[in-house]
Amino acid sequence: MPRVQRPDSYYEEIKRKFAEERDLRLAYRPEGTAQFTSDLDGAFAKYGVDPYAGPVTPREPIRDTVEVLFIGGGFSALLTSARLREKGVESIRIVERGGDVGGTWYWNRYPGAACDVVAYDYLPLLDETGYVPTRHYAQAPEIFAYCQLIAQRYNLYDLAVFQTTVTSTVWNEAEQMWHVQTDRGDHMRARFVICANGTLSKPKLSRIAGMEMFKGHSFHTSRWDYDYTGAQLEKLKDKVVGIIGTGATAVQAVPGLGENAKELYVFQRTPSSIDVRDDWATDMEWAATLKPGWQAKRRAKALTGPVFTEEQKARFAAESREQKIARQERDNIDYMMRIHRRIEETVNDKATAEALKPWYMFMCKRPCFHNDYLPTFNRPSVHLVDTHGKGITQITEKGPVFDGKQYELDLLIYATGFEVQKTGIYNRIIGKNGVDLEDKYRDGIRTLLGIHTQGFPNMFIMGGYQASFQFNLTDMLQTQGDHIAACIDYVRANGHRTIDPTFDAEEWWVQEVIRHRGKTSRNMECTPGYYNFEGESNRRQDGNYNGGFKQYFDHQGAVRARMTENFEFG
């Protein structure tokens, strides 16, 4: 279909509306990330309790040494461990706060949880395990089970330690080893440490006056209480339920809640963009035709990106920087207006439909894909409480209050997401000369490839800042896992004890990150969210590398090709 030509005024008016909505949010909560808390102690301690693993089993503190220690047991640890096994590394330990491997998929078991990335691309190591996902978009139980399959396949349970939180990771220069301590009294030593805890691991709550006074039942979505709701939410049939938040988690949980609760109140501050979720069961006949290496070919295709014709290349080359930005903005706005039309066509009540429309550029907030979220608001028992960017600011013993109205609830669910962390999460990391990683980062994050940071030898960071951002995170994690395994293999093969990036290599990467960030004012123009630290101003180096996935991959290879130039070895 040919693109409809619209006047400049059409796009300028929409951009003005985007700016108004952003400013409204910022005016209500100018404190940025301080509007949330992840200090889950005292009255809030219950929101951090693991409901899946049961009571912590007493054990003796561990005092031993391993070659590679992973902090975190999600896909970062699993896929990198597989690559290390291929290099002959036997002594691998995972230290995980949860009761099993899985990371995100261990904690997030709320009803409707699924991945928004095609399963054949998202689940790593499919070539190696011979597994084929059962659906185009895998659901959480299958993904969690697959994480367990990987751990079993590569014998990662043998040394793994669960229900254990790393509290300090300290470099011992004399021993050239990391000393790792935990909340279980462990004091382990490791030659290499890999921070595989991710940046979105610690549940957070909005700071709402009176929230500790609520006398009904409540929990965070990452700690879903199935004892209260029932395995199929059947225990909610006589319950009035409220959920605070309308991000990716709520979008998946709301349909089931709306179907089963006596009444459901959805408290919205900023709506998500909801596109079609084109899902289906895997065709087993198709699966039977897959040849070894089929996923590697898909990953290679994702790495190269879209293929353009010569005509398209010539047209793009002829564009000025301003023309390119304007074209991208118009394409973005056209997409978001299609999202608006879908809402209008789906939601019967006009006021509710208007309130569900997202007024911001695509990718300002995490995009969502669901077929049942919007229709749920056509149920007479489901009520959208649109706070017009303000959010809920008061909770009494009966429930939330907004605009003078008390909402009396039996159950209040917090779908408020996770704190954006730089590296440590619960862990204090101390490198050479007693330098705290947080102190090093205080004046700006400094890494090489988002993986190494000078002064912290034999430490590798996965999924953190200054790495490439990919909607399919495992594509990027796989390249990092391959890189880390290659680096460790190089150290071992060449008789070295340590690997540490040089100052010049680190400075080069910091400047690369800066060079590819801030090309536009998009970050500042976006409505607040965790992508832009809730609208806080941030240094250009304190974010992802935006030079493209292929370029990031190529940079990794180039760094490895000049190991002695980019690293100091001990």
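Residues numbered from 1 in each chain as written. Predicted model: local features only at pLDDT ≥ 70, side-chain atom pairs only at ≥ 80, totals over all residues. Heavy atoms only, no water.

S.K.: Describe in detail the overall build of the chain, supporting the description with residues and values.
M.R.: Looking only at helices and strands, one finds 20 helices and 23 strands in the chain. On C-alpha atoms alone, the chain measures out to a radius of gyration of 24 Å, which is about the 25 Å that the 2.2 N^0.38 rule sets for 570 residues. The buried share of the chain, taken over its 570 residues, is 54%. Here the contacts in the chain between residues at least 6 apart in sequence split such that 75% fall between residues at least 24 apart. Working note: accessible area of the chain is about 25,000 Å², and carbon and sulfur atoms make up 50% of it. Seen as two clouds, the 72 positive and the 76 negative side-chain charges of the chain have centres 1 Å apart. (Helix = DSSP H or I, 4+ residues; strand = E, 2+ residues; numbered from the N terminus. Rg over C-alpha atoms; globule rule 2.2 N^0.38 Å. Buried < 20%, exposed > 50% of the residue type's maximum accessible area, 1.4 Å probe, protein only. Contact = heavy atoms within 4.5 Å. Areas by Shrake-Rupley, 256 points an atom, 1.4 Å probe, with all protein chains shown as cover. Lys, Arg positive; Asp, Glu negative; His and termini not counted. Charge placed at Lys NZ, Arg CZ, Asp CG, Glu CD.)

S.K.: Can you break down the state of the cysteines residue by residue, with the values?
M.R.: Here the structure, examined in full by the defined rule, presents one disulfide. Linked covalently through their sulfurs, C364 and C526 form a disulfide whose S-S length is 1.9 Å. Between C364 and C526 the disulfide shows an S-S torsion of about -75°. By sign, it is left-handed. On the criterion of sequence distance, the pair formed by C364 in the loop between α13 (350–355) and β13 (368–369) and C526 in the loop between α18 (522–525) and α19 (549–561) is long-range, its members being 162 residues apart. The same class applies to C364 and to C526, which are both buried. Here C115 is not cross-linked by a disulfide; its sulfur's nearest cysteine counterpart is in C147, at 11 Å. The exposure class assigned to C115 is buried, which follows from its relative accessible area of 6%. Here C487 stays unpaired: no disulfide links it, and the sulfur of C195, its closest cysteine neighbor, is 15 Å away. Accessibility expressed as a relative area gives 0% for C487, which makes it buried. (Disulfide = S-S within 2.5 Å.)

S.K.: Explain the pattern of salt bridges to me, using residue names and the numbers behind them.
M.R.: For the structure shown, the criterion picks out 34 salt bridges. The partner of R6 in a salt bridge is D334, with the nearest N and O atoms 3.6 Å apart. Residue R6 is located in the segment before α1 (8–28), and its partner D334 is located in helix α12 (residues 321–346); the two are separated by 328 residues in the primary sequence. Since its relative accessible area comes to 27%, R6 is described here as partly exposed. Salt bridges sharing common partners tie together R83, E86, E128 and D482. (Salt bridge = Lys/Arg side-chain N within 4 Å of Asp/Glu carboxyl O.)

S.K.: Give me the lowdown on the sheet that holds strand β17 (residues 405–406), citing residues and values where you can.
M.R.: With respect to topology, three strands assemble into an open sheet ordered β15-β16-β17, the strand pairing being antiparallel. The open sheet terminates on both sides in strands that have one partner only, identified here as β15 (394–395) and β17. One ladder, built from two bridges, connects strand β16 (residues 400–402) with β17; its direction is antiparallel. Among the inter-strand pairings, V401 is bridged to a residue of β17, identified as Q406. (Pairing = 2+ DSSP bridges.)

S.K.: Go over the pairing of strand β11 (residues 263–268), please, and point to the residues and values.
M.R.: The element β11 is extensively covered by neighbouring structure, given that five of its six residues are classed as buried. Sheet topology note: the strand β10 (residues 240–244)/β11 ladder contains five bridges and is parallel. Paired with V240 across the bridge in β11 is E263. As for the winding sense of the linkage, the β-α-β connection from β10 through helix α8 (residues 248–260) to β11 is right-handed. As defined by bridge partners, β11 adjoins strand β14 (residues 382–386) across five bridges and the pair is classed as parallel. Counterpart to Y265 in the pairing with β14 is H383. (Right-handed = clockwise from strand over helix to strand, strands pointing away.)

S.K.: Outline the sheet that holds strand β9 (residues 217–220), listing residues and values.
M.R.: Spatially, five strands are ordered β9-β18-β10-β11-β14 in an open sheet, and the strand pairing comes out parallel. Each end of this open sheet is capped by a strand with a single partner; those strands are β9 and β14. Shown here is a sheet whose adjacent strand axes are inclined to one another by a mean of 15°, direction ignored. (Axes fitted to C-alpha atoms, helices over the stretch in contact; angles between N-to-C directions.)

S.K.: Explain the side chain of T396 to me, using residue names and the numbers behind them.
M.R.: Among the secondary structure elements, T396 is positioned in the loop between β15 and β16. Leaving out residues up to four positions away in the same chain, T396 has contacts with M213, F214, V401 and Q406.

S.K.: Report on the side chain of E506, specifying residues and quantitative values.
M.R.: Inspection of the secondary structure assignment puts E506 in helix α17 (residues 503–516). Judged by relative accessible area, which is 1%, E506 ranks as buried. Engagement of the side chain of E506 in a polar contact is seen with the side chain of R446, the distance being 3.1 Å. Apart from the residues within four sequence positions on either side, E506 is in contact with K440, R446, T447, L448, T453 and Q454. (Polar contact = N/O pair within 3.5 Å; in protein donor to acceptor, adjacent residues only side chain to side chain.)

S.K.: Requested: an account of helix α6 (residues 140–153), with residues and values cited.
M.R.: Helix length check: α6, at 14 residues, gives a terminal C-alpha distance of 20 Å against a target of 20 Å (1.5 Å per residue), a fit within 8%. At its buried positions, α6 is contacted by α2 (75–86), α3 (104–107), α4 (119–122) and α5 (126–129). N155, located one to two residues past α6, shows a positive phi value of around 55°. (Expected span 1.5 Å × (residues − 1).)

S.K.: Describe the packing of aromatic side chains, naming the residues involved and giving the relevant values.
M.R.: Summed over the entire model, instances satisfying the criterion amount to 28 aromatic pairs. Taken together, Y52, Y106, W107 and F144 form an aromatic cluster joined through their ring pairs. The positively charged end of K17 is found above the aromatic ring belonging to W359, 5.3 Å away from the centroid. It is R153 that lies over the ring of Y154; its NZ or CZ is 5.8 Å from the centre. (Phe/Tyr/Trp six-rings, centres within 6.5 Å; stacked < 30°, edge-to-face > 60°. Lys NZ or Arg CZ within 6 Å of the ring centre and 35° of its normal.)

S.K.: Account for the environment of D283, with residues named and values stated.
M.R.: Examined against the element boundaries, D283 turns out to sit in the loop between β12 (274–275) and α9 (284–288). Between the C-alpha atom of D283 and that of T134, which follows or precedes it by 149 residues, the distance is 8.4 Å. A polar side-chain atom of D283 sits 2.9 Å from the main-chain amide nitrogen of E285.

S.K.: Outline the packing of α2 against helix α16 (residues 473–493), listing residues and values.
M.R.: For the pair α2 and α16, the least separation of the axes is 9 Å and the interaxial angle reads 40°. It follows from the interaxial angle that α2 and α16 lie oblique. In the crossing of α2 with α16, the sense of the turn from one axis to the other is right-handed. Residues F75, S76, L79, T80, R83 and L84 of α2 lie in contact with α16, whose contacting residues are T474, L477, Q478, G481, D482, I484, A485 and I488. Residues of the contact of α2 with α16, tallied by class, amount to seven nonpolar, five polar and two charged. (Parallel < 35°, antiparallel > 145°, perpendicular 65-115°, else oblique. Left-handed = near helix turned anticlockwise from the far one by under 90°. Nonpolar A, V, L, I, M, F, W, Y, C, P; charged D, E, K, R; others polar.)

S.K.: Tell me about unusual backbone geometry, and please be specific about residues and values.
M.R.: Even without glycine at this site, Q163 takes up a positive phi of about 50°. By the secondary structure assignment, Q163 is in the loop between α6 and β4 (166–172). Classification of Q163 by relative accessible area gives buried; the value is 18%.

All we've got here are geometric facts, nothing functional implied.
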